[in-house]
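What follows is each chain in one-letter form.
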Amino acid sequence: MIFFGLIFFVFSGNSCGIDHMMLINQIDSYEQTLDPELCEEIVEKIDLFNDECSPQIEILDCG
């Protein structure tokens, strides 16, 4: 299912959709590892994403 969604976003030319899918996958990875360095990276990417795209993604609490 994720594969078909990714293919759809690639061919639609919507980089926000691709970025959203990638961020969701990274957030899932972080929730499994709880690695603080990964969390900081994801927060930076979320900030950039929220500036350029919608829907907004909630900022992670790395504390």
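Conventions we followed
- Residues numbered from 1 in each chain as written.
- Predicted model: local features only at pLDDT ≥ 70, side-chain atom pairs only at ≥ 80, totals over all residues.
- Heavy atoms only, no water.
- Helix = DSSP H or I, 4+ residues; strand = E, 2+ residues; numbered from the N terminus.
- Buried < 20%, exposed > 50% of the residue type's maximum accessible area, 1.4 Å probe, protein only.
- Contact = heavy atoms within 4.5 Å.
- Areas by Shrake-Rupley, 256 points an atom, 1.4 Å probe, with all protein chains shown as cover.
- pLDDT = per-residue confidence, 0-100.

Chemist: So what exactly am I meant to see when it comes to the overall build of the protein chain here?
Modeler: The helix and strand inventory of the protein chain stands at three helices and zero strands. Counted from the first residue to the last, the protein chain has its helices and strands arranged as α-α-α. Relative to its full complement of 63 residues, the protein chain shows a buried share of 24%. Residue pairs at least 24 apart in sequence account for 28% of intrachain contacts in the protein chain once pairs closer than 6 positions are excluded. For the protein chain, the exposed surface amounts to about 4700 Å²; the carbon and sulfur share of it is 59%.

Chemist: Just checking my understanding: could you explain the environment of Ile 46 for this structure?
Modeler: If you trace the backbone, Ile 46 turns up in helix H3 (residues 36-52). A relative accessible area of 0% places Ile 46 in the buried class. Residues Ile 46 and Asp 19, 27 residues apart in the sequence, show an inter-C-alpha distance of 9.4 Å. Apart from residues no more than four positions distant in its own chain, Ile 46 is found in contact with Leu 23, Ile 27, Ile 57, Glu 58, Ile 59 and Leu 60.

Chemist: Is there a simple way to explain the environment of Leu 34 in this structure?
Modeler: With respect to the helices, strands and loops of the structure, Leu 34 is situated in the loop between helix H2 (15-33) and H3. Residue class for Leu 34 comes out exposed when judged on its relative accessible area of 55%. Expressed as a C-alpha distance, the spacing of Leu 34 and Cys 62, which sit 28 residues apart in the sequence, is 8.5 Å.

Chemist: What's the story with the confidence of the model for the protein chain in this structure? I'm lost.
Modeler: Do not read the fine detail of predicted coordinates wherever pLDDT is low. On average, the protein chain scores 85 in pLDDT, and the residues at 70 or more come to 78%. When mean pLDDT is compared element by element in the protein chain, H3 scores highest at 95, while helix H1 (residues 2-12) scores lowest at 57.

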